[in-house]
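One-letter residues, chain by chain:
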Amino acid sequence: MDVVAVESLDPSVAFDVVDLLGVLTNGILGGAVARQLKMDPVGFAFLAVVSALGGGLLRDTLLQVGFPVALTNPAYLITAIAGAAIAYFLHLQGKWTNRVLVVADAFALGCWAATGTGKALDVGLSWLPAVMIGVITAVGGGMIRDIAVGRVPMIFGGNTLYATGAVIGSAEMAVLHGLGYPNWGMAAAILTAATVTVVARRRGWRLPGAGEWNVRLPKRERPRPTWRPRRPGRGDGGRDAPGRGKDSGTS
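Residues numbered from 1 in each chain as written. Predicted model: local features only at pLDDT ≥ 70, side-chain atom pairs only at ≥ 80, totals over all residues. Heavy atoms only, no water.

Within the chain one finds nine helices and zero strands. From first element to last, N terminus to C terminus, the chain shows the α and β order α-α-α-α-α-α-α-α-α. The contacts of the chain with a sequence gap of at least 6 include a subset with a gap of at least 24, amounting to 75%. Accessible surface computed for the chain: about 16,300 Å², of which carbon and sulfur atoms make up 62%. (Helix = DSSP H or I, 4+ residues; strand = E, 2+ residues; numbered from the N terminus. Contact = heavy atoms within 4.5 Å. Areas by Shrake-Rupley, 256 points an atom, 1.4 Å probe, with all protein chains shown as cover.)

Rendered as structure tokens:
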């Protein structure tokens, strides 16, 4: 199957499924934070909604393209609240549950990064601000959630390569969108961001912090003086002056 045949297909259904899967997953993750902090159902719903939809709300507000999609399409709010309900009624724990949530979130990361980048390019932004909008779309919800509960956002340090995966996915979308293959850009961003995020979490890959990667500049040595003045002492010349020592013969 050649490129033209692939582009003639409409993969929007698959992308919408990944999109809503990401909304559900991040709604559950927001609810999990609310469970850790022992919040009531209002706290569950709030953290689930901002975690799942915050990035898209920021994107559409910055681009000024009308009402945010999260408010015009009821499926988004319903799915986010469903994630909050799942986290509220079920205590999700265990190795396989965590793996499923990590993988689903990783796929959503690339989907949201590509969606934000594509929308920014469609309204006429250049590639660099478009990549920035893509990253904000992908990580903005989790950032707002962490700030709401008084935490430093995990994307600012201490986390594996999460925002990095969003940057890579957004850059791929910018390149392929500019070449006229937005569907390929979406697919590449989803797969690449998911692979980077999952492998980095598995391997524990992180960006180095400021204290872990220092560049030491060479020290400039001070020139040593060639003449050193005598220290003043008693009388005319100090302890070692002639006629003042033990063997001088004086009493």
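Moving on to the pattern of salt bridges. Enumeration over the complete set of coordinates arrives at three salt bridges. Among the salt bridges present, the one from K119 reaches D60, with a minimum N-O distance of 3.9 Å. Here D60 lies in helix α3 (residues 41–63) and K119 lies in helix α6 (residues 95–122), a separation of 59 residues in the sequence. Judged by relative accessible area, which is 2%, D60 ranks as buried. One network of salt bridges, in which partners are shared, links R59, D60 and K119. (Salt bridge = Lys/Arg side-chain N within 4 Å of Asp/Glu carboxyl O. Buried < 20%, exposed > 50% of the residue type's maximum accessible area, 1.4 Å probe, protein only.)

Below, the discussion takes up the packing of α3 against helix α5 (residues 74–89). Geometrically, a packed helix pair is captured by the angle between its two axes and the distance between the axes. Where α3 contacts α5, the two axes come as close as 8 Å, and the packing angle between them is 130 degrees. Viewed along their axes, α3 and α5 adopt a mutual orientation that is oblique. Both α3 and α5 take part in a crossing whose hand is right-handed. Across the interface between the two elements, P41, F44, A45, A48, V49, A52 and L53 from α3 touch Y76, L77, A80, I81, A84, A87 and Y88 from α5. Here the contact of α3 with α5 is built from residues that sort into 14 nonpolar, no polar and no charged. (Axes fitted to C-alpha atoms, helices over the stretch in contact; angles between N-to-C directions. Parallel < 35°, antiparallel > 145°, perpendicular 65-115°, else oblique. Left-handed = near helix turned anticlockwise from the far one by under 90°. Nonpolar A, V, L, I, M, F, W, Y, C, P; charged D, E, K, R; others polar.)

Judged by side-chain polarity, Y88, F89, L90 and L92 come together as a nonpolar surface patch covering roughly 410 Å² of accessible area. By the element assignment, L92 lies in the loop between α5 and α6. (Patch = residues over 30% accessible without salt bridge, like charges linked within 9 Å, V, L, I, M, F, W, Y side chains within 5 Å.)

Another point: α5. Over its 16 residues, α5 extends 23 Å from the first C-alpha to the last, a length consistent with the 22 Å expected when each residue adds 1.5 Å. For α5, the set of buried residues is Y76, T79, A80, G83, A84 and A87. Considered in projection along α5, the buried side chains sweep an arc of 145 degrees and stay on one side of the axis. Opposite the packed face of α5, turned more than 90 degrees from it, sit the exposed residues P74, I78 and F89. (Expected span 1.5 Å × (residues − 1). Arc of directions from axis to C-beta.)

Such coordinate-based values are descriptive only and should not be taken to indicate function.
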